[in-house]
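Chain and residue survey
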Amino acid sequence: MIRLWLAVCLAVSVAWGAPEPVDPAQEPTPIEGVAPSGAPPADPAAIDDTARRIALGLRCPVCQGLSAADSTSPAAVNMQRRVRELVAQGYDQAQIEAFFVSKYGEWVLLAPTADGVNRIVWLGPFAMLVVGVGAVLFVVGRRTEAHAAPAPAPPAPDDPYAQALLAEIADDSPTAEDRA
Amino acid sequence: MTPERPRRGRVNLVVLGLGLAIVLPLVALLASGFGSNPREVPSVLEGAAAPGFHLVTLEGVEVSLDDLRGDPVVLNFWSTWCQPCRLEHPALQRAAQAWPDVRFLGVIYNDDAEKSRRYLAQAGSAYPSLVDPGGRTAIAYGVAGVPETFVIAPDGTIAHKHVGPLSPAILQQYLAPLRGGQP
């Protein structure tokens, strides 16, 4: 079973590394109603790099929290292929992301855009940090103040035994150093 | 002992209030999150124009969505390895036979054409299934898994996206308004 799995992994990694087989029956399909923003990268390796970078930001639809680039599921592989095909036609990252968002919704972006309600996600942690640091400084400041004020002398105990004990401790204090 | 009590009580109330202010929204957020299915992708396509396609059926016949304009279309993404698809298969077959005015189409999602042919020969095939090379049409429809079914109105807009297996009652409910009250 493990061997079979390794063989599958190897086959998949080889398939990923190898250049895409071109099927003449499959004309590269553009994005409906959108023209590519520029010329495609001249170098196939550059196309692969750009496609991988874009796929890293897209959610694999059948996985849990994995990017389309990190999954070998057929759905993710199809997305990788589609992204590469669009890069090769000259579409840029923003256009390709907009295309996938128009199909799957913003859900498909692994990192939500910093607009509207999403700002909470981006700014929330920093806001919590500021509030937390503020709370710590406030509490520490109050404690230091409380300590700085001279502590009121403890009331003398009524119990004669306790009085004797306190007197003894006071007497002993200097001799403790002598003993050492 | 006694003079300290009210002070400590007040501090605890403040801490309690702050704690609740932080924890309650989180609990509410998590509670709402637990209620929803993380695999269910919110559809952004309902109401939008159905993405066009030009695909070939398992029998080699070319089908274009533009040719079907004017009729309600049920576009069902399926595969043989998907158990819920097998579950809904009979309902779709019966519906296709009962409503000849509705164009039913299957789109094979990440599956082998030969396997699909064998399955349809055995399970019945009342309407054509399309081969989707590279899953382009699935991506164009934002398909995140199978089964997913799109009900396309005669004017070419997506009326419904259904995630999960269909039942005859759901199909009836989706299609009744598009079929103009025909039985």
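Residues numbered from 1 in each chain as written. Chains lettered and ligands numbered in written order. Predicted model: local features only at pLDDT ≥ 70, side-chain atom pairs only at ≥ 80, totals over all residues.

1. Let's talk about the overall build of chain A
To be explicit about the condition: Runs of E in the DSSP output that reach at least two residues are strands. Runs of H or I that reach at least four are helices, and both are numbered from the N terminus. The burial label depends on the number of other C-beta atoms within 10 Å of a residue's C-beta. Counts of 20 or more mean buried, 12 or fewer mean exposed, and intermediate counts mean partly exposed, with C-beta atoms placed from the backbone. We call two residues in contact whenever the C-beta atoms placed from their backbones are within 7 Å.
Counting secondary structure elements, chain A contains 6 helices and 0 strands. The linear arrangement of helices and strands in chain A, starting from the amino end, is α-α-α-α-α-α. Looking at the 180 residues of chain A, the share that counts as buried comes to 16%. Considering only residue pairs separated by 6 or more positions, chain A has 56% of its internal contacts joining residues 24 or more positions apart.

2. Digging into the overall build of chain B
Looking only at helices and strands, chain B has 5 helices and 7 strands in total. Seen in sequence order, chain B has helices and strands lined up from the N terminus as α-β-β-β-α-β-α-β-α-β-β-α. Considering chain B as a whole, with its 183 residues, one finds that 32% of them fall into the buried category.

3. Looking at the confidence of the model for chain B
Rules: The predictor attaches a confidence to each residue, called pLDDT, with possible values from 0 through 100.
Looking at chain B as a whole, the pLDDT averages 88, with 89% of positions reaching at least 70. Scored as a complex, the prediction yields pTM 0.69 and ipTM 0.77.

4. A few points about the interface of chain B and chain A
It is common to give the size of an interface as the accessible area that goes away when the parts come together. Short version of the rule: Note that Gly is not counted as nonpolar here; it falls among the polar residues with everything else outside the nonpolar set of Ala, Val, Leu, Ile, Met, Phe, Trp, Tyr, Cys and Pro and the charged set of Asp, Glu, Lys and Arg.
Across the boundary between the two partners, chain B contributes 17 residues, which contact 18 residues of chain A. Grouping the amino acids of the side of chain B that touches chain A by side-chain chemistry returns 10 nonpolar, 6 polar and 1 charged.

5. Details of the sheet that holds strand E5 (residues 129-131) of chain B
Residues and elements named next belong to chain B. Keep this limit in mind: Two strands are said to pair when DSSP picks up at least two bridges between them. Under this scheme, a helix contributes an axis fitted over its contacting stretch, all axes are lines through C-alpha atoms, and angles between N-to-C directions fall in the 0 to 180 degree range.
Taken in spatial order, the 7 strands make up an open sheet running E2-E1-E5-E4-E3-E6-E7, and their pairing is mixed. The open sheet terminates on both sides in strands that have one partner only, identified here as strand E2 (62-64) and strand E7 (158-163). In this sheet, adjacent strand axes meet at a mean angle of 30° when their direction is disregarded. Pairing geometry for strand E1 (residues 54-57) and E2, over 3 bridges, is antiparallel. Among the inter-strand pairings, histidine 54 is bridged to a residue of E2, identified as serine 64.

6. Focus: the packing of helix H2 (residues 44-56) of chain A against helix H3 (residues 74-88) of chain A
All names here are of chain A. To keep things clear, this is the line we draw: Should an angle lie under 35 degrees it is considered roughly parallel, over 145 roughly antiparallel, and from 65 to 115 roughly perpendicular; all remaining angles are considered oblique. Less than a right angle of anticlockwise turn of the near helix away from the far helix marks a crossing as left-handed, whereas a clockwise turn marks it as right-handed.
Where H2 contacts H3, the axes come no closer than 9 Å and their chain directions differ by 130°. As far as their axial angle goes, H3 and H2 are oblique. For the pair H2 and H3, the sense of crossing is right-handed. Contacts between H2 and H3 pair Ile47, Asp48, Thr50, Ala51, Ile54 and Ala55 from the former with Met79, Gln80, Val83, Arg84, Val87 and Ala88 from the latter. For the contact of H2 with H3, the class distribution of residues is 8 nonpolar, 2 polar and 2 charged.

7. Thoughts on the nonpolar core
The nonpolar side chains of soluble globular proteins are, as a tendency, buried together. Spelled out, the test is: By definition, a nonpolar core groups buried Ala, Val, Leu, Ile, Met, Phe, Trp, Tyr and Cys residues that connect through C-beta atoms lying within 7 Å of each other.
Ranked by internal contacts, the top residues of the largest apolar core, which has 52 residues, are A:Met79, A:Val83, B:Val107 and B:Tyr109. Among residues more than four places away in sequence, those in contact with B:Val107 are B:Leu75, B:Phe77, B:Leu130, B:Asp132, B:Thr137 and B:Ala138.

8. Comments concerning helix H4 (residues 93-104) of chain A
Stated formally: Expected helix span is taken as 1.5 Å per residue step, with the number of steps being one fewer than the number of residues.
With 12 residues, H4(A) extends 16 Å from end C-alpha to end C-alpha; this agrees with the ideal 16 Å at 1.5 Å per step. Of the surrounding elements, those touching the buried residues of H4(A) are H2 and H3 of chain A together with helix H4 (136-140) of chain B. The positive-phi residue at the C-terminal boundary of H4(A) is A:Gly105, with phi of around 85°.

9. Examining the environment of B:Ser79
Residues and elements named next belong to chain B. Residue position: serine 79 is located in the loop between strand E3 (73-78) and helix H2 (83-98). Owing to 21 C-beta atoms within 10 Å, serine 79 belongs among the buried residues under this scheme. Excluding its chain neighbours within four sequence positions, the residues that come into contact with serine 79 are Cys85, Ile108, Tyr109, Asn110, Asp111 and Val146.

10. Remarks on the pairing of E1(B)
Residues and elements named next belong to chain B. In this structure, the hairpin formed by E1 and E2 is closed by a connection of 4 residues, where glycine 60 is found at a positive phi of approximately 90°. One ladder, built from 2 bridges, connects E1 with E5; its direction is antiparallel. Its bridge partner being in E5, threonine 57 is matched across the sheet by leucine 130.

11. Some points on unusual backbone geometry
Glycine aside, negative phi is the norm for most residues, and most peptide bonds take the trans geometry. Residue and element names in this part refer to chain B. Proline 147 follows valine 146 through a cis peptide bond whose omega is 0°. You can see proline 147 is positioned in the loop between H4 and strand E6 (148-152). The phi dihedral of asparagine 110 is positive, around 45°, even though this residue is not glycine. Note that asparagine 110 resides in the loop between strand E4 (103-108) and helix H3 (113-123). Residue asparagine 110 is classed as buried on the basis of its 20 C-beta neighbours within 10 Å.

12. Structural notes on the environment of A:Ser71
Its place among the elements puts A:Ser71 in the loop between H2 and H3. Those residues in contact with A:Ser71 that lie beyond four places of it in its chain are A:Cys60, A:Cys63, A:Leu66 and A:Ala76.

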